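# Observations on the model geometry
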Amino acid sequence: MEKKEQLYEGKAKKVFATDDADYCIVSYKDDATAFNGEKKGTIAGKGVVNNRMSNMLCKLLEQKGVPSHYVEELSDRETLVKKVDIVPLEVIIRNTAAGSFSKRFGIAEGTKLKCPTLEYCLKDDALGDPMINDTQILAIDAATREELDKIAAMAYKVNEVLIEFFRTIGIELIDFKIEFGRFHGDIILADEISPDTCRLWDIETHQKLDKDRFRRDMGGVEEAYAEVFKRLNLD
Ligand code: TMP
């Protein structure tokens, strides 16, 4: 498929059209932002890690019955994906308290939750991606009841598959954010699954192997992405 004009440039990726309206090409950058773009930086090699990791996880999830936008890895940084109409929600699953959950509820980071939680944020940079509940989502028509039921079921399934997978490479899945898209009437997993969008802690040492190192100026950012990549055994 031929790469055509750039359709969009986001904070961490560029999207290009192809000669088929059903497909586009995602190109992963090393650019990193946090706090709704207030903090900016570069994480050398991040684009490659996030591209290859997302693709590997999409393939695994597809095998486990979760359909995704993934079609074909074109290079270290570029992937052919199905062109979806994105559902304007960030879907967050948590297994262990951290980040905004810890802050909001006053629960120490690292506290295991009795059951996984599911929460939604409305994808709207101008509003700072505010948290939104089911009834609000239906009321503003961000998604239908049927779509939301599918999204919730798929998100929990993604959690089960990813917890198990990460455990095999010595990583605890603390929480993650995923997004979904509409494609010919179906709801499929879209966007990346990477250290940008997951909290990943070493099972033994609880060392953070994710973007929190950048968000919190902890140092060792590139090293953390490289460590996750190494454990994925993709080379
Ligand atoms: P939070 O604790 O800051 O709400 O983050 C929850 C999860 O969502 C965490 O794994 C990081 C991820 N996340 C994103 O992928 N994008 C974002 O813009 C934010 C705020 C969090």
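Residues numbered from 1 in each chain as written. Predicted model: local features only at pLDDT ≥ 70, side-chain atom pairs only at ≥ 80, totals over all residues. Heavy atoms only, no water.

## Some remarks on the packing of helix α1 (residues 46-63) against helix α4 (residues 145-168)
Contact geometry of α1 with α4 gives a least axis separation of 11 Å together with a crossing angle of 115°. Note on packing geometry: the crossing formed by α1 with α4 is right-handed. In contact with M53, M56, L57, L60 and L61 of α1, α4 contributes V158, V161, L162, F165 and F166. In the contact of α1 with α4, the residues fall into 10 nonpolar, no polar and no charged. (Axes fitted to C-alpha atoms, helices over the stretch in contact; angles between N-to-C directions. Helix = DSSP H or I, 4+ residues; strand = E, 2+ residues; numbered from the N terminus. Left-handed = near helix turned anticlockwise from the far one by under 90°. Contact = heavy atoms within 4.5 Å. Nonpolar A, V, L, I, M, F, W, Y, C, P; charged D, E, K, R; others polar.)

## Concerning helix α6 (residues 221-232)
When the terminal C-alpha atoms of α6 are compared, their 17 Å separation across 12 residues agrees well with the 16 Å that a helix rising 1.5 Å per residue should span. Taken residue by residue, α6 has V221, A224, Y225, V228, F229 and L232 as its buried positions. In an axial view of α6, the angular spread of the buried residues amounts to 135°, which keeps them on one side of the axis. Those residues of α6 that are exposed and angled more than 90 degrees off the buried face are E223 and K230. Residues of α6 that are buried sit in contact with α1, α4, β12 (171-183), β14 (198-202) and α5 (212-215). (Expected span 1.5 Å × (residues − 1). Buried < 20%, exposed > 50% of the residue type's maximum accessible area, 1.4 Å probe, protein only. Arc of directions from axis to C-beta.)

## Thoughts on the site of the ligand
R94, S100, D175, K177 and R199 are the nearest of the 13 residues found near the ligand. D175 is positioned such that a nitrogen or oxygen atom in its side chain is 2.5 Å from an oxygen atom of the ligand. At a separation of 2.9 Å, an oxygen atom of the ligand approaches a polar side-chain atom of R199. Contact with the protein chains removes 75% of the 450 Å² of surface that the ligand exposes when unbound. Mapped onto the shell around the ligand, the elements with two or more residues apiece are β9 (89-96), α2 (99-105), β12 and β14. It is β12 that provides the largest number of residues to the shell around the ligand, a total of three residues. Looking at the shell around the ligand residue by residue, the classes come out as four nonpolar, three polar and six charged. (Near = heavy atom within 4 Å. Polar contact = N/O pair within 3.5 Å; in protein donor to acceptor, adjacent residues only side chain to side chain. Areas by Shrake-Rupley, 256 points an atom, 1.4 Å probe, with all protein chains shown as cover.)

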